[in-house]
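Examining the three-dimensional arrangement
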Amino acid sequence: MDKRVILNRMRRNPFFVVGSIAAVVVVVLLVFGPALLHFDPEANSLSERFLPPEGFANGLDGHILGTDQLGRDVLIRLLIGGRYSLAIAFAVVALQVVVGTILGILAGYFGGIVDAIIMRACEVFLAIPNLILAIAIMAILGPSLVNLIAVLTFSGWVNCCKVTRNNVRVIKNQEFVKASRALGAGGFHIMFRQIFPNVTTHIIILASQRIGMTIIIEAALSFLQLGIQPPTPSWGNMIAAGRMYMTTQPWLVFAPGIALMIAALAFNFLGDGIRDVLDPKRTVV
């Protein structure tokens, strides 16, 4: 697709514009925001428990979003927790794409028994909701950052695999692939040097749509104490800790809840926008 067409689609697509702006703002705040605050996200200060939000009355030296039940600044914990959520989401989606793409290319190119085995594995994983599978595995393995990334990768590679496999099955029968095979090109060269570049568009679309969902699943696992463990902050465990004080100190739940909602919506909008921009079959009004 011509670059000018893509740029024009980007400018005219409201999902892409809103999603990209919101995603950039979220990433910038989470990456650079903590450097502007002098609070320790894990240090307790019982003399400052349950301080209400001050806004910007005292500038960056005040507790802009208040403090929690242990006197910790809510804003710094919100930003640090968002860093973990975003880093985990990007790492998990990258691993899901790598695993799903490789298996999808192998299934689509070789077919036969290889395709049958991989597709039956996909059907098994599709029969179990991702969150339920992640909860079950984390309950067995125990909560840790490595286990969390591994479980989310393990439970989410299927969609990328099936999309890649279906596209490879179509592309491998095209003339340029047949010509390469006739000229003696090896299977590895054909799969990863000729077929793979022609399926990247769908992989990019799928990956962009997975980020928001991965952020939500990570927060759900942390809420259930199966993800990131206190005192390390995450949006999920902040909501879990603050729910007991929701009627008296509602900011403890509203702050991480709203942050989670904004981040998930930003990347979901961005994913939908990328789908509309890159898919030539879709028209942008």
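In case you missed it, the structure is sitting above this.
Owing to the predicted nature of the structure, the values given are computational and were not obtained by experimental measurement.

Criteria and cut-off values
- Residues numbered from 1 in each chain as written.
- Predicted model: local features only at pLDDT ≥ 70, side-chain atom pairs only at ≥ 80, totals over all residues.
- Heavy atoms only, no water.
- Helix = DSSP H or I, 4+ residues; strand = E, 2+ residues; numbered from the N terminus.
- Expected span 1.5 Å × (residues − 1).
- Polar contact = N/O pair within 3.5 Å; in protein donor to acceptor, adjacent residues only side chain to side chain.
- Buried < 20%, exposed > 50% of the residue type's maximum accessible area, 1.4 Å probe, protein only.
- Arc of directions from axis to C-beta.
- Core = buried A, V, L, I, M, F, W, Y, C linked by side-chain atoms within 4.5 Å.
- Contact = heavy atoms within 4.5 Å.
- Axes fitted to C-alpha atoms, helices over the stretch in contact; angles between N-to-C directions.
- Parallel < 35°, antiparallel > 145°, perpendicular 65-115°, else oblique.
- Left-handed = near helix turned anticlockwise from the far one by under 90°.
- Nonpolar A, V, L, I, M, F, W, Y, C, P; charged D, E, K, R; others polar.
- Disulfide = S-S within 2.5 Å.

1. Here we look at helix H3 (residues 74-110)
The first and last C-alpha atoms of H3 sit 53 Å apart over 37 residues, in line with the 54 Å expected at 1.5 Å per residue. For H3, the N-terminal capping position is held by Asp73, with its side-chain oxygen 3.3 Å away from the main-chain nitrogen of Leu75. Note on H3: the residue one or two positions beyond its end, Gly111, has a positive phi of about 65°.

2. With respect to helix H4 (residues 112-126)
Between its terminal C-alpha atoms H4 stretches 21 Å, which fits the 21 Å expected from 15 residues at 1.5 Å a residue. Listed as buried for H4 are Asp115, Ile118, Met119, Cys122 and Phe125. Burial along H4 is one-sided: seen end-on, the buried residues are contained in an arc of 115°. Across from the buried face of H4, at angles greater than 90 degrees, the exposed residues are Ile113, Ile117 and Val124.

3. Section: the nonpolar core
Core analysis: the biggest nonpolar cluster contains 51 residues, and Ile195, Ile215, Trp235 and Phe267 have the highest contact counts within it. Residue assignment for this core shows that the elements contributing at least two residues are helix H2 (14-32), H3, helix H7 (158-171), helix H9 (187-195), helix H10 (200-223), helix H11 (235-242) and helix H12 (251-278). When near neighbours in sequence (up to four residues on either side) are disregarded, Trp235 contacts Leu30, Leu78, Gly81, Gly82, Ser85, Ile215, Pro256, Ala259, Leu260 and Ala263. Counting 21 residues, the second-largest nonpolar core is a separate cluster that includes Val92, Ala134, Met138 and Leu226.

4. Topic: the side chain of His63
You can see His63 is positioned in the loop between H2 and H3. Given a relative accessible area of 5%, His63 falls into the buried group. Dropping the residues within four chain positions of it, His63 is found in contact with Phe39, Glu48, Leu51, Pro52, Pro53, Glu54, Gly55 and Asp73.

5. Considering the environment of Leu29
Relative to the helices and strands, Leu29 resides in helix H2. What makes Leu29 partly exposed here is its relative accessible area of 48%. Residues Leu29 and Arg83, spaced 54 residues apart in sequence, show a C-alpha to C-alpha distance of 9.4 Å. Sequence-distant contacts of Leu29, defined by excluding residues within four places in its chain, comprise Pro34 and Leu79.

6. As for the packing of H3 against H10
Packed helix pairs are characterised by how far apart their axes lie and by the angle those axes make with each other. Packing of H3 against H10 brings their axes to within 9 Å, and their N-to-C directions diverge by 135°. Classified by the angle their axes make, H3 and H10 are oblique. Remark: the crossing between H3 and H10 carries right-handed chirality. Along the contact surface, H3 presents Ser85, Leu86, Ile88, Ala89, Phe90, Val92, Val93, Gln96, Val97 and Thr101, while H10 presents Ile203, Ala207, Arg210, Ile211, Thr214, Ile215 and Glu218. Of the residues that constitute the contact of H3 with H10, the class distribution is eleven nonpolar, four polar and two charged.

7. Structural notes on unusual backbone geometry
The step from Pro230 to Pro231 runs through a cis peptide bond, and the omega angle for that step is 5°. If you trace the backbone, Pro231 turns up in the loop between H10 and H11. If you check the backbone angles, Phe50 has positive phi at about 55° while not being a glycine. Mapped onto the elements, Phe50 comes out in the loop between H2 and H3.

8. Looking at the state of the cysteines
Scanning the entire structure with this criterion turns up zero disulfides. This cysteine, Cys122, is not joined by any disulfide, and Cys161 carries the nearest cysteine sulfur, 3.8 Å off. Cys122 gets classed as buried once you look at its relative accessible area, which sits at 0%. Accessibility expressed as a relative area gives 0% for Cys161, which makes it buried.

9. Points about the side chain of Asp115
One can find Asp115 in helix H4. Under the relative-accessibility criterion, Asp115 is labelled buried at 10%. When sequence neighbours within four positions are dropped, the list of residues in contact with Asp115 reads Ala107, Arg165 and Arg169.

10. Description of the packing of helix H5 (residues 130-141) against H10
Interhelical geometry of H5 versus H10 gives an angle of 40° and a closest axis separation of 11 Å. In this view, H5 runs oblique relative to H10, as classed from their interaxial angle. Relative to H10, H5 is oriented so that their crossing is right-handed. On the side of H5, the interface is formed by Asn130, Leu131, Ala134 and Ile135, while H10 contributes Arg210, Ile217, Ala220 and Leu221. Broken down by class, the residue content of the contact of H5 with H10 amounts to six nonpolar, one polar and one charged.

Spatial relationships are all this shows, so hold off on functional conclusions.
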